[in-house]
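Letter by letter, the chains look like this.
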Amino acid sequence: MAACIFFIIFALTSYATALASHSLDLVQSSCQNATFPKVCVHTLSIYKGPVSTPRELAQAAIKVSISRAVNASKYLSSLQKEADQREKGAVKDCASQIADSVDELRDTLSELKELRRATFRWQMSNALTWVSAALTNEDTCLDGFKEVEGRVRTDVKQKVTYVAKVTSNALYLINRLDHP
(Lines give C-alpha, C1' and ligand atoms only; values in the text may rest on other atoms or scores of the structure.)
Protein backbone atom coordinates (compact mmCIF):
# COMPACT_ATOMS: atom_id res chain seq x y z
CA MET A 1 0.00 0.00 0.00
CA ALA A 2 2.77 2.44 0.92
CA ALA A 3 4.59 1.62 -2.32
CA CYS A 4 1.40 2.36 -4.29
CA ILE A 5 0.96 5.74 -2.59
CA PHE A 6 4.62 6.55 -3.16
CA PHE A 7 4.27 5.67 -6.86
CA ILE A 8 1.16 7.88 -7.23
CA ILE A 9 2.90 10.82 -5.55
CA PHE A 10 6.00 10.28 -7.68
CA ALA A 11 3.93 10.09 -10.88
CA LEU A 12 1.97 13.23 -10.05
CA THR A 13 5.14 15.13 -9.15
CA SER A 14 6.82 14.02 -12.37
CA TYR A 15 3.77 15.05 -14.41
CA ALA A 16 3.61 18.48 -12.73
CA THR A 17 7.33 18.99 -13.31
CA ALA A 18 6.96 18.07 -16.98
CA LEU A 19 4.04 20.51 -17.39
CA ALA A 20 6.00 23.31 -15.70
CA SER A 21 9.00 22.58 -17.91
CA HIS A 22 6.83 22.64 -21.05
CA SER A 23 5.27 25.95 -19.97
CA LEU A 24 8.68 27.49 -19.32
CA ASP A 25 9.96 26.25 -22.69
CA LEU A 26 6.91 27.76 -24.40
CA VAL A 27 7.40 31.08 -22.60
CA GLN A 28 11.10 31.26 -23.41
CA SER A 29 10.74 30.30 -27.08
CA SER A 30 7.75 32.61 -27.58
CA CYS A 31 9.32 35.59 -25.81
CA GLN A 32 12.75 35.48 -27.45
CA ASN A 33 11.72 37.90 -30.24
CA ALA A 34 9.25 39.99 -28.24
CA THR A 35 9.85 43.72 -28.01
CA PHE A 36 10.90 43.35 -24.37
CA PRO A 37 12.01 39.70 -24.09
CA LYS A 38 13.30 39.84 -20.50
CA VAL A 39 10.07 41.42 -19.27
CA CYS A 40 8.11 38.86 -21.31
CA VAL A 41 9.93 35.87 -19.84
CA HIS A 42 9.85 37.25 -16.30
CA THR A 43 6.15 38.15 -16.20
CA LEU A 44 4.93 35.01 -17.96
CA SER A 45 7.22 32.51 -16.23
CA ILE A 46 5.76 33.51 -12.85
CA TYR A 47 2.18 33.57 -14.17
CA LYS A 48 -0.06 31.30 -12.11
CA GLY A 49 -2.34 29.65 -14.61
CA PRO A 50 -2.48 27.16 -17.44
CA VAL A 51 -0.04 28.00 -20.23
CA SER A 52 0.49 25.10 -22.59
CA THR A 53 -0.48 26.62 -25.96
CA PRO A 54 0.32 29.87 -27.78
CA ARG A 55 -3.32 30.93 -27.32
CA GLU A 56 -3.14 30.38 -23.54
CA LEU A 57 0.16 32.26 -23.49
CA ALA A 58 -1.39 35.23 -25.34
CA GLN A 59 -4.30 35.20 -22.90
CA ALA A 60 -1.87 35.09 -19.97
CA ALA A 61 0.02 38.06 -21.43
CA ILE A 62 -3.23 40.03 -21.68
CA LYS A 63 -4.13 39.08 -18.09
CA VAL A 64 -0.72 40.32 -16.93
CA SER A 65 -1.24 43.54 -18.86
CA ILE A 66 -4.70 44.03 -17.34
CA SER A 67 -3.31 43.41 -13.86
CA ARG A 68 -0.48 45.93 -14.33
CA ALA A 69 -2.85 48.50 -15.84
CA VAL A 70 -5.32 48.09 -12.95
CA ASN A 71 -2.47 48.56 -10.47
CA ALA A 72 -1.33 51.68 -12.33
CA SER A 73 -4.92 52.98 -12.32
CA LYS A 74 -5.19 52.50 -8.54
CA TYR A 75 -1.87 54.28 -8.10
CA LEU A 76 -3.02 57.19 -10.26
CA SER A 77 -6.23 57.48 -8.27
CA SER A 78 -4.31 57.72 -5.02
CA LEU A 79 -1.88 60.17 -6.59
CA GLN A 80 -4.66 62.61 -7.49
CA LYS A 81 -5.06 63.39 -3.77
CA GLU A 82 -1.46 64.44 -3.23
CA ALA A 83 -0.52 65.99 -6.59
CA ASP A 84 -0.12 69.74 -6.90
CA GLN A 85 -2.42 71.74 -9.17
CA ARG A 86 -0.30 71.37 -12.31
CA GLU A 87 0.22 67.66 -11.75
CA LYS A 88 -3.48 67.00 -11.05
CA GLY A 89 -4.53 67.68 -14.64
CA ALA A 90 -1.92 65.32 -16.04
CA VAL A 91 -2.71 62.66 -13.44
CA LYS A 92 -6.46 62.90 -14.08
CA ASP A 93 -6.01 62.64 -17.85
CA CYS A 94 -3.60 59.74 -17.43
CA ALA A 95 -5.99 57.91 -15.10
CA SER A 96 -8.69 58.23 -17.75
CA GLN A 97 -6.36 56.91 -20.47
CA ILE A 98 -5.30 53.93 -18.35
CA ALA A 99 -8.94 53.16 -17.49
CA ASP A 100 -9.65 53.08 -21.23
CA SER A 101 -6.67 50.73 -21.68
CA VAL A 102 -8.08 48.37 -19.05
CA ASP A 103 -11.41 48.27 -20.89
CA GLU A 104 -9.72 47.57 -24.23
CA LEU A 105 -7.53 44.87 -22.75
CA ARG A 106 -10.56 43.21 -21.14
CA ASP A 107 -12.34 43.29 -24.50
CA THR A 108 -9.27 41.66 -26.02
CA LEU A 109 -9.22 38.89 -23.43
CA SER A 110 -12.90 38.16 -24.02
CA GLU A 111 -12.30 37.96 -27.75
CA LEU A 112 -9.29 35.63 -27.34
CA LYS A 113 -11.30 33.29 -25.14
CA GLU A 114 -13.95 32.89 -27.84
CA LEU A 115 -11.85 32.44 -30.98
CA ARG A 116 -13.66 30.46 -33.66
CA ARG A 117 -12.44 29.24 -37.01
CA ALA A 118 -15.29 30.88 -38.97
CA THR A 119 -14.64 34.36 -37.53
CA PHE A 120 -10.95 34.05 -36.62
CA ARG A 121 -9.64 36.86 -38.85
CA TRP A 122 -12.35 39.27 -37.67
CA GLN A 123 -11.73 38.41 -34.01
CA MET A 124 -7.97 38.77 -34.40
CA SER A 125 -8.45 42.13 -36.09
CA ASN A 126 -10.56 43.26 -33.12
CA ALA A 127 -8.03 41.98 -30.59
CA LEU A 128 -5.08 43.62 -32.35
CA THR A 129 -6.98 46.91 -32.69
CA TRP A 130 -7.89 46.98 -29.00
CA VAL A 131 -4.38 46.16 -27.79
CA SER A 132 -2.93 48.78 -30.14
CA ALA A 133 -5.42 51.32 -28.78
CA ALA A 134 -4.39 50.41 -25.22
CA LEU A 135 -0.75 51.06 -26.16
CA THR A 136 -1.70 54.41 -27.68
CA ASN A 137 -3.55 55.35 -24.47
CA GLU A 138 -0.49 54.48 -22.41
CA ASP A 139 1.72 56.64 -24.65
CA THR A 140 -0.80 59.49 -24.52
CA CYS A 141 -0.79 59.28 -20.74
CA LEU A 142 2.97 59.79 -20.68
CA ASP A 143 2.74 62.69 -23.15
CA GLY A 144 0.69 64.58 -20.56
CA PHE A 145 3.67 64.67 -18.20
CA LYS A 146 6.12 66.40 -20.56
CA GLU A 147 5.62 69.73 -18.75
CA VAL A 148 5.63 68.18 -15.27
CA GLU A 149 8.84 67.76 -13.29
CA GLY A 150 9.67 65.83 -10.15
CA ARG A 151 8.73 62.66 -8.34
CA VAL A 152 5.18 62.41 -9.68
CA ARG A 153 6.40 62.42 -13.27
CA THR A 154 9.15 59.89 -12.50
CA ASP A 155 6.81 57.54 -10.64
CA VAL A 156 4.04 57.71 -13.25
CA LYS A 157 6.51 57.26 -16.08
CA GLN A 158 8.00 54.17 -14.40
CA LYS A 159 4.63 52.52 -13.77
CA VAL A 160 3.02 53.35 -17.11
CA THR A 161 6.14 52.43 -19.07
CA TYR A 162 6.05 48.99 -17.46
CA VAL A 163 2.37 48.63 -18.40
CA ALA A 164 3.28 49.61 -21.97
CA LYS A 165 6.07 47.01 -22.06
CA VAL A 166 3.84 44.13 -20.98
CA THR A 167 1.09 45.37 -23.33
CA SER A 168 3.56 45.52 -26.23
CA ASN A 169 4.64 41.96 -25.48
CA ALA A 170 1.00 40.86 -25.38
CA LEU A 171 0.47 42.44 -28.79
CA TYR A 172 3.46 40.51 -30.12
CA LEU A 173 2.14 37.20 -28.73
CA ILE A 174 -1.33 37.81 -30.16
CA ASN A 175 0.20 38.56 -33.55
CA ARG A 176 1.80 35.10 -33.45
CA LEU A 177 -1.55 33.31 -33.26
CA ASP A 178 -2.41 31.73 -36.60
CA HIS A 179 -5.49 29.63 -35.75
CA PRO A 180 -8.22 29.37 -33.12
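Everything below is about the structure printed above this text.
Residues numbered from 1 in each chain as written. Predicted model: local features only at pLDDT ≥ 70, side-chain atom pairs only at ≥ 80, totals over all residues. Heavy atoms only, no water.

Caption draft 1: Spotlight on the packing of aromatic side chains. For the structure on display, the rule yields zero aromatic pairs. Looking at Lys159, its charged tip hangs above the ring of Tyr75, at a distance of 4.8 Å from the centre. (Phe/Tyr/Trp six-rings, centres within 6.5 Å; stacked < 30°, edge-to-face > 60°. Lys NZ or Arg CZ within 6 Å of the ring centre and 35° of its normal.)

Caption draft 2: Representation of the state of the cysteines in the model. All chains considered together, the criterion is met by two disulfides. One disulfide bridge connects Cys31 with Cys40, the sulfur atoms lying 2.0 Å from each other. One quick way to see it: the torsion about the S-S bond of Cys31 and Cys40 is about -60°, and its sign makes the bridge left-handed. The disulfide partner of Cys94 is Cys141, and the gap between their sulfur atoms is 1.7 Å. The disulfide joining Cys94 to Cys141 has a torsion of about -60° about its S-S bond and is therefore left-handed. Taken together, the residues Cys94 in helix α4 (residues 85-113) and Cys141 in helix α5 (residues 120-143) connect sequence positions 47 residues apart. Judged by its relative accessible area of 2%, Cys141 is buried. For the protein, the bonded cysteines connect in the pattern 1-2, 3-4 when numbered consecutively along the sequence. (Disulfide = S-S within 2.5 Å. Helix = DSSP H or I, 4+ residues; strand = E, 2+ residues; numbered from the N terminus. Buried < 20%, exposed > 50% of the residue type's maximum accessible area, 1.4 Å probe, protein only.)

Caption draft 3: Fine view of the environment of Glu82. Structurally, the position occupied by Glu82 is in helix α3 (residues 54-82). At a separation of 2.6 Å, a polar atom in the side chain of Glu82 contacts the side chain of Arg151. (Polar contact = N/O pair within 3.5 Å; in protein donor to acceptor, adjacent residues only side chain to side chain.)

Caption draft 4: Geometry of the environment of Val91. Mapped onto the elements of the fold, Val91 is located in helix α4. On the basis of relative accessibility, which here comes to 0%, the residue Val91 falls in the buried class. Each C-alpha atom, one on Val91 and one on Leu79, is 7.3 Å from the other, the two residues being twelve residues apart in sequence. Not counting residues up to four positions away in its chain, the partners in contact with Val91 are Leu76, Leu79, Gln80, Ala83, Phe145 and Val152. (Contact = heavy atoms within 4.5 Å.)

Caption draft 5: Spatial organisation of α4. In a regular helix each residue adds 1.5 Å, so 29 residues correspond to 42 Å; α4 covers 43 Å between its end C-alpha atoms and thus fits that length. Put simply, Asp84 is the residue that caps the front of α4, since its side-chain oxygen is 3.1 Å from the backbone nitrogen of Arg86. (Expected span 1.5 Å × (residues − 1).)

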